[in-house]
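One-letter residues, chain by chain:
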Amino acid sequence: MSRARADEEEYWHSSKFRAFTFDDEDDELSQLKESKRAVNSLRDIVDDDDDDLERVSWSGEPVGSISWSIKETASSSTSSLEGRDSSLQKGSSSYAAFPKQVSSYSLSSLFKGELCLSLSALSDTGVKNYAPELRRPKADYKDYSSDWSPKDTVRRMQRGKVCSLERFRSLQDKLVLLDEAVAGHDGNVITAVLIFLKRTLKREILFRELEVRQVALCHLIHFLKETGEQKLLLDLLSFFSLSFQLSQYREHLNIQDVEKRREFLKGCIGLPFSAEDTSHIQDHYTLLERQIIIEANDRHLETAGQSEIFRKYPRKASILNMPLVTTLFYSCFYHYTEAEGTFSSPTNLKKTFKIPDKQYVLTALAARAKLRAWDDVDALFTTKNWLGYTKKKAPIGFHRVVEILQRNNAPVQVLQEYVRLVEDVETRLNLATKYKCHDVVIETYKDLKDRIQLTAYKCKVERGSAEEEKINSILNNMVRNAY
């Protein structure tokens, strides 16, 4: 013990650091020697007389040997498997106990501190039966990636599989999917498809398609009641109520007798339609009532031969059940000059049914041009200002007036009058050239002072005509003014 104390005193009074001198060799070898010396001195201090004793385990083998390490590792793995076996037996009495596994280990794994189960242990049937499933089977991923048909999709949904419905994008595919779900007689699948359609379709389209699919409609109504979507439910019920009312209104098409049809339309006015639809039905009833009055009066005048226009232009068909525009054309053709107070007056029809000015001018122009009543056509576009000056104005544009007049074989003088009123120069020249309004073409080129175009257009008129003389006069005046 005195030797150990002397060594301890020497250690504490000594130091591994030395004062700096230029003779020191600062290299790795000297540092390694110093480190070894320090470690050896620590071992001498810690070690005592007990180092002579050998440590053994309960089995009599030296602790730290290779055989002791293998047995310790094997026993720890066996105890863990037994613990797992006992926990499984507690959870379910039907499970069989794990057989104790004898694992083999490599020496390299022991020296590295890693434990690796052998292939024989992993391939054992007992471990396979109770090992947890770490990865999802590849078949499950087909629910998301495969291109399932509507029928296969419904079948998988019936088996509880999760199927994506987003691939059904067109309206036709969605309706086929709904029909397959209804054919499968599975309420949950039908409801799931309806939720998808409610989210991806407009309400009007969804309601219209459900009108012919009563089973799906009942499921949707029940679903909306359960989820409390009152607004959508009211819209759905009002849509089908309106469809029923519209189907009632369409019944007038099957009624041939005019008086019965009028009474039926009168009864439809009281149905709970929207304000716009009610106004439409009211106008329909009023128009039919007017047509009955006009038809009775005109039939009497035609048979009696008291009206010249009916003798010159006999009626080809009855006016009953005709559209509003046809009725207006009929009135402009046969009753254009009548006072506004009569039912057959065009102005009365315009005021009663609020016909726009453009529609009225187009219809009246076509009717009067067909009769070749050019004075009426002129009066249709003539307006006066507050000073008494007259001016021609067309709400439809004078280019359309020219086209309608030309279709009704208007003379060139009448056409030229309205071609001159076209504001756009290029359009005016095109119309004048197309319908051979030579005076308009010559005057337009004169205003443009286009000598080249006048010379070219001179070749298109007849030789010795008044148009040729007019072009020559204009060209001569241009030359004189230039000098």
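Rules and cut-offs
Residues numbered from 1 in each chain as written. Predicted model: local features only at pLDDT ≥ 70, side-chain atom pairs only at ≥ 80, totals over all residues. Heavy atoms only, no water. Helix = DSSP H or I, 4+ residues; strand = E, 2+ residues; numbered from the N terminus. Buried < 20%, exposed > 50% of the residue type's maximum accessible area, 1.4 Å probe, protein only. Contact = heavy atoms within 4.5 Å. Patch = residues over 30% accessible without salt bridge, like charges linked within 9 Å, V, L, I, M, F, W, Y side chains within 5 Å. Areas by Shrake-Rupley, 256 points an atom, 1.4 Å probe, with all protein chains shown as cover. Salt bridge = Lys/Arg side-chain N within 4 Å of Asp/Glu carboxyl O. Lys, Arg positive; Asp, Glu negative; His and termini not counted. Charge placed at Lys NZ, Arg CZ, Asp CG, Glu CD. Polar contact = N/O pair within 3.5 Å; in protein donor to acceptor, adjacent residues only side chain to side chain. Axes fitted to C-alpha atoms, helices over the stretch in contact; angles between N-to-C directions. Parallel < 35°, antiparallel > 145°, perpendicular 65-115°, else oblique. Nonpolar A, V, L, I, M, F, W, Y, C, P; charged D, E, K, R; others polar. Core = buried A, V, L, I, M, F, W, Y, C linked by side-chain atoms within 4.5 Å.

What follows is about the overall build of the chain. Counting its regular elements, the chain contains 26 helices and two strands. Counting over 483 residues, the chain shows a buried share of 30%. Of all intrachain contacts in the chain linking residues separated by at least 6 positions in sequence, the fraction that spans at least 24 positions is 47%.

Its identity as a non-glycine residue notwithstanding, Lys-354 has a phi of 55°, on the positive side. The topology assignment puts Lys-354 in the loop between α18 (346–353) and α19 (357–370). Accessibility expressed as a relative area gives 73% for Lys-354, which makes it exposed. At Arg-372, a position not held by glycine, the phi torsion is positive, near 60°. Look at Arg-372 and you get partly exposed, because its relative accessible area is 43%.

On the surface, Lys-151, Arg-155, Arg-159 and Lys-161 cluster together into a patch of positive charge. Summarising the element assignment, Lys-161 is placed in the loop between α8 (150–158) and α9 (171–183).

Across all of its chains, the model carries 16 salt bridges by this definition. Linking Glu-166 and Arg-199 is a salt bridge whose minimum nitrogen-to-oxygen distance equals 2.7 Å. Residue Glu-166 is found in the loop between α8 and α9, and its partner Arg-199 is found in helix α10 (residues 187–200); the two are separated by 33 residues along the sequence. The class for Glu-166 is partly exposed, based on a relative accessible area of 42%. When its relative accessible area of 54% is taken as the criterion, Arg-199 is described as exposed. Between Glu-340 and Lys-351 there is a salt bridge, with its nearest N and O atoms 3.9 Å apart. In this pair, Glu-340 sits in the loop between α17 (324–334) and α18 while Lys-351 sits in helix α18, placing the two residues eleven residues apart along the sequence. Here Lys-351 falls in the exposed class, since its relative accessible area comes to 61%.

Our next topic: the side chain of Ser-465. One can find Ser-465 in the loop between α25 (451–458) and α26 (466–482). Here the side chain of Ser-465 touches Glu-462 through a polar contact of 2.6 Å, landing on its backbone oxygen.

Here we take up the environment of Ser-149. Structurally, Ser-149 is set in the loop between α7 (142–145) and α8. Measuring from C-alpha to C-alpha, the distance between Ser-149 and Phe-168 comes to 9.3 Å, with 19 residues separating the pair along the chain. Among the polar contacts made by the side chain of Ser-149, one reaches the side chain of Asp-152 at a distance of 3.1 Å.

Here the focus is the packing of α17 against α18. Close contact between α17 and α18 brings their axes to 8 Å; oriented N to C, the two are set at 155°. When the axes of α17 and α18 are compared, the pair comes out roughly antiparallel. Judged by residue contacts, Leu-324, Thr-327, Leu-328, Ser-331 and Cys-332 of α17 engage Pro-346, Leu-349 and Phe-353 from α18. Here the residues of the contact of α17 with α18 sort into six nonpolar, two polar and no charged.

Our focus in this paragraph is the nonpolar core. Ranked by internal contacts, the top residues of the largest apolar core, which has 52 residues, are Leu-365, Phe-381, Val-401, Leu-405 and Tyr-418. Here this core takes six residues from α19, the largest share from any one element. Each residue touching Leu-405, except ones within four places of it in the same chain, is listed here: Leu-365, Ala-369, Trp-374, Val-377, Ala-410, Val-414, Leu-415 and Tyr-418. The next biggest cluster of nonpolar side chains, apart from the first, holds 28 residues, and it includes Val-154, Leu-165, Leu-217 and Phe-240.

As a further point, take the environment of Val-325. With respect to the element layout, Val-325 can be found in helix α17. Judged by relative accessible area, which is 43%, Val-325 ranks as partly exposed. Between the C-alpha atom of Val-325 and that of Tyr-360, which follows or precedes it by 35 residues, the distance is 8.7 Å. When neighbours within four sequence positions are excluded, Val-325 is seen to be in contact with Gln-359 and Thr-363.

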